[in-house]
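Below, each chain spelled out in residue letters.
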Amino acid sequence: MKPRVRFAPSPTGFLHIGGARTALFNWLFARHHGGTFVLRIEDTDVARNTQAAVDIILEGLRWLGLDWDEGPVTSDATGASRGPCGPYFQSQRKDSYRQRVEALLSRGLAYEKEGAIRFKMQREPITIPDMVCGDIVRPLTDREELDPDFVIVRSDGEPVFHLVNVVDDLDMGITHVIRGEDHLTNTAKHIALFRAFGVEPPRYAHIPLILNPDGSKMSKRDQGAIISVYMEEGFAPEAVLNYLCLLGWSPKDNREIMPLAEIIERFDLPGVLRSSAKFDMTKLQWVNWEYIRSMPNDRYYELAVHALGKAGINTNTFPVEYVRAALDTVKEKPKTFSELPGWCDFYFKDEIVFAPEAVERDFVPANTAGLAKLRDALEQLATFKSSDIEATLKATAKELGVKAGVLVHPTRMACTGKPIGPSLYHLMQVLGKDRTLARIGHALNHPGFGG
């Protein structure tokens, strides 16, 4: 039988990196084995849950590319079925919970006390056969030895997590429960509930937690803890997904950068590590940089143009080929797409703002004659290709009896306003002859040159 797995988040206003990693491991397991990935929103806490919080989860999963396979069948305005679109919502399944509770009550496996309904827990230890942690025996604690029973429906009539989680897994035919090891404390109760309903529980796999670099548990305030931060900061979703795979799973050969198809092919639960994983932002940025510089051009242009748009740069006012040529010169520079405008915004501005610290070094009277002579030499070029520009600059430097760097630095500043950036000769070719000459002329009028 092909596996059926699920991700069942509670909408709390953010998608935690640990939750996203749990969703990913479930999704990869389903895709590896040709199974089904179910998305279920645990929204029974009406006071805390909002549609906006649900939307944040859905947006994060879609951004990562974690598509779910089924959901409740919906209908259009005519009543015709639109098919499953998901996800499932626990708030829409209360009849099922009520029926299951009535069954437990009728068989003497649950009872009412002080307005709440409690499950009659078994009195012997429970062994949890875990696919990651191995067999774990959960003895009753000293407190539970006196009364191990637990509430499954509160006095206000609302079913609690333990009940709805088990009933949903049962009704939806979940075969494997892959979740964080912090849920291990709940699993003995869930196994007992499954058996009370007359079925064997699914197979469990409790995956290690994601910790801060110092070993502490990640909270939503810690660096990198919330998926929306990556969306806002210009990370490539495929890079984040790749990095999340490495937090608690090893492909055995120490490979770190892998295309998604290969990850799906290689992922399985025996490869999940037992020890907790430590989050490393520097490592994630490196993975993201590797993805940016090697991703297909069309994908790179798509994400780059979006990043420029967020920074207020409208590339639609420039020819497509110009935009792409400009972006090509900086493809290997940024660690994230949010850094991209800082590397290439000069291509899309009429007025250049010069970096003050570099002005003091490069826009000085000693460089005036050299930069003016280079401008005159560039003006004579019949073709304005990078090789021609490079040869002209070096020839001018030789004629002046100086090293090429003496001309490179003020020329870069004149063209970009920045002391560092893409290859000078290539960026000048992209800017074109007219724009380059105009910028050098503007720079020569700077007060530092005596203009």
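Shown above is the structure to which this text applies.
Residues numbered from 1 in each chain as written. Predicted model: local features only at pLDDT ≥ 70, side-chain atom pairs only at ≥ 80, totals over all residues. Heavy atoms only, no water.

Can you break down the side chain of Thr392 residue by residue, with the values?
Here Thr392 is to be found in helix α16 (residues 386-400). In this view, Thr392 contacts Leu374, Ala377, Leu378 and Leu381; residues no more than four positions away in its chain are not counted. (Helix = DSSP H or I, 4+ residues; strand = E, 2+ residues; numbered from the N terminus. Contact = heavy atoms within 4.5 Å.)

Can you tell me about the sheet that holds strand β10 (residues 150-153), naming the residues and giving the values?
A sheet is described by the order of its strands in space; here 3 strands give the open sequence β6-β7-β10, paired in antiparallel fashion. Because the sheet does not close on itself, it has two edges, and the strands there are β6 (110-113) and β10. Neighbouring strand axes in the sheet, compared pairwise and without regard to direction, differ in orientation by 45° on average. As paired elements, β6 and strand β7 (residues 116-119) share 4 bridges and run antiparallel to each other. Bridge pairing in β7 places Tyr111 opposite Arg118. (Pairing = 2+ DSSP bridges. Axes fitted to C-alpha atoms, helices over the stretch in contact; angles between N-to-C directions.)

So what's going on with the sheet that holds strand β5 (residues 88-89)? Residues and values would help.
Across the sheet, which stays open at both edges, the 3 strands sit in the order β1-β2-β5 with parallel pairing between neighbours. Edge positions in the sheet fall to β1 (4-7) and β5, since each has one partner strand and no second. Strand direction decides the pairing type here: β1 and strand β2 (residues 36-41), joined by 4 bridges, are parallel. Along β2, the bridge assignment pairs Phe7 with Leu39.

Run through the packing of aromatic side chains, naming residues and quoting values.
A complete count under the given rule lists 14 aromatic pairs for this structure. Judged by centre distance (5.3 Å) and plane angle (80°), the ring pair of Tyr230 and Phe235 falls under edge-to-face. Residue Phe235 is classed as buried on the basis of its relative accessible area of 7%. Ring plane angle 50° and centroid distance 5.8 Å describe the contact between Tyr300 and Tyr301, whose orientation is recorded as tilted. Considered together, Tyr300 and Tyr301 belong to a single accessibility category, that of buried residues. Joined through ring pairs, the aromatic side chains of Phe318, Tyr322, Phe346, Tyr347 and Phe348 make up one cluster. Over the aromatic face of Phe150 sits the side chain of Lys189, whose NZ or CZ is 5.2 Å from the ring centroid. Sitting above the plane of the Trp289 ring, Arg293 keeps its charged end 4.4 Å from the centroid. (Phe/Tyr/Trp six-rings, centres within 6.5 Å; stacked < 30°, edge-to-face > 60°. Buried < 20%, exposed > 50% of the residue type's maximum accessible area, 1.4 Å probe, protein only. Lys NZ or Arg CZ within 6 Å of the ring centre and 35° of its normal.)

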